[in-house]
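Structural overview
One letter stands for each residue in the lines below.
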Amino acid sequence: MANLPNQDGMFAFFFRRLLAIPQFAAPTSPTTVLLIGANSGIGLAAAEILLSLPGLKNLLLTTRSREKSLQTRQHLANLCPASVNIETFEVDLTDYDSIREFVTNLNAGSNSGTRSVNIAILNAGLMMGKYELGHGRFELTLQVNYISTALLSLLLLPNLRSGSGTSSSPSRLSICSSDGHYFATPIPTLYNSDDGILCYLNDPSNFSSQGAYLTSKLLGILFGRALSEKLDPTEVLVNMINPGIARTNLFRDLGWLFRISMWLCGRSVHVAAGVVVQGALGDSGVVSGGFYSEGRDTKPLSEVFTERGRELQERLWSETLDLLRAEYEGSTSALAQIYNDGLGGRGRMVEASGTVRAKDDL
Ligand SMILES: NC(=O)c1ccc[n+]([C@@H]2O[C@H](COP(=O)([O-])OP(=O)(O)OC[C@H]3O[C@@H](n4cnc5c(N)ncnc54)[C@H](OP(=O)(O)O)[C@@H]3O)[C@@H](O)[C@H]2O)c1
């Protein structure tokens, strides 16, 4: 029974719903926190909590439009202490040009060309009711929740690394995840997909609304684990956070029965946001490459740890980096920079393809 929260399956899933979220000690906020997807739901509530923490100097928030940025600033204005500077940026994760512009804008005010960030919380996500393509060639859930989130995590590495130079603790990259990933497309199916994992998931005949969402979160865990293994956790620590089911607009595209069930089993948005803030800033239960689920370090899907799971993780890593290299110029250079100057890579090198090798092998 004690290990039930760490298990796969429906029984464990419902058992976890019954567990109380541990009481949190309010963490001290690091100087600069970047929160992606801050205008609604868990992101907006997390921004409110961040503003109540001591130590915060810069809160950098993203929304999808100027109008939403303005509304978010207005909403937070009364909660913002005079000592905190809020900045808003726009980024649409369906569009690589928008991502490029966001990174340029983020770094624009910095003398060194790289804005220091201590904590980056990649919270933006969606659940689509039907198969739709974005600006690129990938289905929107796959694009936003996985591909663009993976891209952002690479593009923000120089910022996080610069942030770790300004602080006594490592910078953090926290990716919003879900314990729904236990019910994603099974790992053997992904493993046996002939044309690659992303192509398989992008095929409309393999799409289902919930399936696409849950699988995007499994991919996020695999990618985050792979990334964390390639970084020095004393410089940049990567973790995946499950806020738990919360009453937000995430399910707006789905049928009323599903929306009502989520509403009934959901916690309040502030409780879920508290989990995100603790997972991103706190110490208890936070592990490099770990799955911080509803306040605890929890085992993700058990198959992730099998030989097949590990191989899938490495394949996904290579496929993703190959894709990003082809579609987004400069996407691997951030990672390559960290490895190749020997500061984070502990004697490993990253090739332009994103392949990591021991320096001795070259
Ligand atoms: N709610 C839950 O039960 C639950 C459970 C587990 C995990 N999560 C995760 O928690 C995170 C926050 O979700 P939420 O429940 O707070 O939902 P939400 O209220 O719908 O918030 C999602 C956020 O992501 C942004 N976003 C969506 N598509 C985007 C895009 N293409 N580009 C940039 N930003 C985009 C949204 O902006 P717009 O307002 O412009 O759409 C919004 O700021 C997500 O990663 C979700 O998967 C939620």
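Residues numbered from 1 in each chain as written. Predicted model: local features only at pLDDT ≥ 70, side-chain atom pairs only at ≥ 80, totals over all residues. Heavy atoms only, no water.

Taking an unreviewed UniProt entry as the reference, the protein is identified by name as NAD(P)-binding protein belonging to Tuber magnatum.

**Observations regarding the overall build of the protein**
Using the following cut-off: Helix and strand definitions follow DSSP, with helices as H or I runs of at least four residues and strands as E runs of at least two, each counted in order from the N terminus. Radius of gyration: C-alpha atoms only; globule rule: 2.2 Å multiplied by the number of residues to the exponent 0.38. When accessible area is computed with a 1.4 Å probe and restricted to protein chains, residues below 20% of their type maximum are described as buried, those above 50% as exposed, and intermediate ones as partly exposed. Whether two residues touch is decided by their heavy atoms; if any such pair falls within 4.5 Å, the residues are in contact. All accessible-area figures derive from a Shrake-Rupley calculation using a 1.4 Å probe, and residue coverage is judged against the displayed protein chains alone.
Of the regular secondary structure elements, the protein holds 13 helices and 10 strands. A compact globule built from 362 residues would reach a C-alpha radius of gyration of about 21 Å, and the protein, at 19 Å, matches this within 12%. The dimensions of the protein, computed from C-alpha atoms along their principal axes, are 55 × 50 × 45 Å. Expressed as a percentage of the 362 residues in the protein, the buried residues total 55%. Considering only contacts within the protein whose residues lie at least 6 apart along the sequence, 75% involve residues at least 24 apart. When the accessible surface of the protein is totalled, it reaches about 15300 Å², and 52% of it is carbon and sulfur.

**A short note on the nonpolar core**
Short version of the rule: Joining through side-chain atoms within 4.5 Å is the link that ties buried Ala, Val, Leu, Ile, Met, Phe, Trp, Tyr and Cys residues into a set, and such a set is a nonpolar core.
Formed by 69 residues in total, the largest nonpolar core has its most connected members in Leu34, Ile99, Phe102, Tyr146, Leu219 and Leu227. Beyond its immediate sequence surroundings of up to four residues, Tyr146 is in contact with Thr141, Leu198, Ser216, Leu219, Gly220, Phe223, Leu316 and Thr320.

**A few points about the packing of aromatic side chains**
Put simply, the rule is: Any Phe, Tyr or Trp ring, taking Trp's six-membered ring, that has another such ring centre within 6.5 Å forms a pair; planes under 30 degrees apart are called stacked, those over 60 apart edge-to-face, and the others tilted. Only when the NZ atom of a Lys or the CZ atom of an Arg is both within 6 Å of the ring centre and within 35 degrees of the ring normal do we say a charge sits over the ring.
A complete count under the given rule lists nine aromatic pairs for this structure. Look at Tyr96 and Tyr328: their rings are 5.8 Å apart centre to centre, the planes differ by 75 degrees, and that puts the pair in the edge-to-face class. With Tyr96 in helix α4 (residues 96–108) and Tyr328 in the loop between α12 (307–327) and α13 (333–340), this residue pair connects regions lying 232 residues apart in the sequence. Here Tyr328 falls in the buried class, since its relative accessible area comes to 4%. Here a set of aromatic residues connected by ring pairs shows up, and it is made of Phe13, Phe14 and Phe183. Sitting over the face of the ring of Trp317, Lys230 holds its NZ or CZ atom 4.7 Å from the ring centroid. Sitting above the plane of the Tyr191 ring, Arg315 keeps its charged end 4.3 Å from the centroid.

**Overview of the site of the ligand**
Spelled out, the test is: For this purpose, a residue is taken to be near a molecule or strand whenever a single non-hydrogen atom of the residue falls within 4 Å of it. Pairs of N or O atoms within 3.5 Å make up the polar contacts considered here, provided that, within protein, one atom can donate a hydrogen while the other can accept it, and that residues adjacent in sequence are counted only when both atoms are side-chain atoms.
With respect to spatial proximity, 32 residues lie near the ligand, and among them Asn39, Arg64, Lys68, Tyr213 and Thr248 are the closest. Interatomic distance of 2.7 Å between a side-chain N/O atom of Asn39 and an oxygen atom of the ligand. Here an oxygen atom of the ligand and a side-chain polar atom of Lys217 are 2.9 Å apart. In the complex, 97% of the free accessible area of the ligand, which totals 880 Å², lies under the protein chains. Mapped by element, the contributors of at least two residues to the shell around the ligand are α2 (41–51) and α9 (209–230).

**Overview of the sheet that holds strand β1 (residues 32–36)**
Short version of the rule: Here the rule is simple: two strands pair whenever DSSP picks up at least two bridges between them. A fitted line through C-alpha atoms serves as each axis, taken over the contacting stretch for helices, and the angle formed by two N-to-C directions is quoted from 0 to 180°.
The strand order across the open sheet built from eight strands is β3-β2-β1-β4-β5-β6-β7-β8, with neighbouring strands paired in mixed fashion. Strand pairing shows two members of the sheet lacking a second neighbour, β3 (85–90) and β8 (296–298), which therefore form its edges. Averaged over all neighbouring strand pairs, the angle between strand axes comes to 25 degrees, with direction disregarded. Judged from the four bridges that link them, β1 and strand β4 (residues 119–122) form a sheet pairing that is parallel. Among the inter-strand pairings, Val33 is bridged to a residue of β4, identified as Ile119.

**Here's the deal with the environment of Asn6**
Its location among the elements puts Asn6 in the segment before α1 (10–18). When the C-alpha positions of Asn6 and Ser293 are compared, they lie 9.8 Å apart, and in sequence the two are 287 residues distant. Each residue touching Asn6, except ones within four places of it in the same chain, is listed here: Asp297, Thr298 and Lys299.

**A look at the pairing of strand β2 (residues 58–63)**
Basically, it comes down to this: Viewed with both strands pointing away, a crossover whose connecting path from the first strand over the helix to the second turns clockwise is right-handed.
Of all six residues in β2, six are buried; the element is thus mostly enclosed. What you see with β2 is no split at all: Asn58, Leu60 and Thr62 on one side and Leu59, Leu61 and Thr63 on the other are buried throughout. Two strands pair when backbone bridges link them, and β2 and β3 are joined in this way by six bridges, in the parallel orientation. The residue of β3 that forms the bridge with Leu61 is Thr88. What joins β2 to β3 is helix α3 (residues 66–77), and the crossover it makes is right-handed.

**Side note on α4**
So the rule is basically this: To estimate the expected span of a helix, subtract one from its residue number and multiply by 1.5 Å. Working note: the arc is built from the helix axis to C-beta atom directions.
Look at α4: 18 Å from first C-alpha to last across 13 residues, which is about the 18 Å you get at 1.5 Å a residue. Every buried residue belonging to α4 is among Tyr96, Ser98, Ile99, Phe102, Val103, Leu106 and Asn107, and all of these are buried. The buried residues of α4 occupy an angular sector of 160 degrees when the element is viewed end-on, so they sit on one face. Across α4 from its buried face, at more than 90 degrees, point the exposed residues Asp97, Glu101 and Ala108. Where α4 is buried, its residues meet β1, β2, β3, α5 (140–155), α6 (157–165) and α12. Where α4 begins, the capping side chain belongs to Asp95, and its oxygen is found 3.0 Å from the backbone nitrogen of Asp97.

**Quick notes on α12**
Taking 1.5 Å per residue, 21 residues should reach 30 Å; α12 reaches 30 Å between its end C-alpha atoms and fits that length. The set of residues buried in α12 consists of Gly309, Leu312, Gln313, Leu316, Trp317, Thr320, Leu321, Leu323 and Leu324. Axial view of α12: buried residues confined to an arc of 160 degrees, hence all on one face. In this structure, α12 carries Glu307 and Ala326 as exposed residues pointing more than 90 degrees from its buried face.

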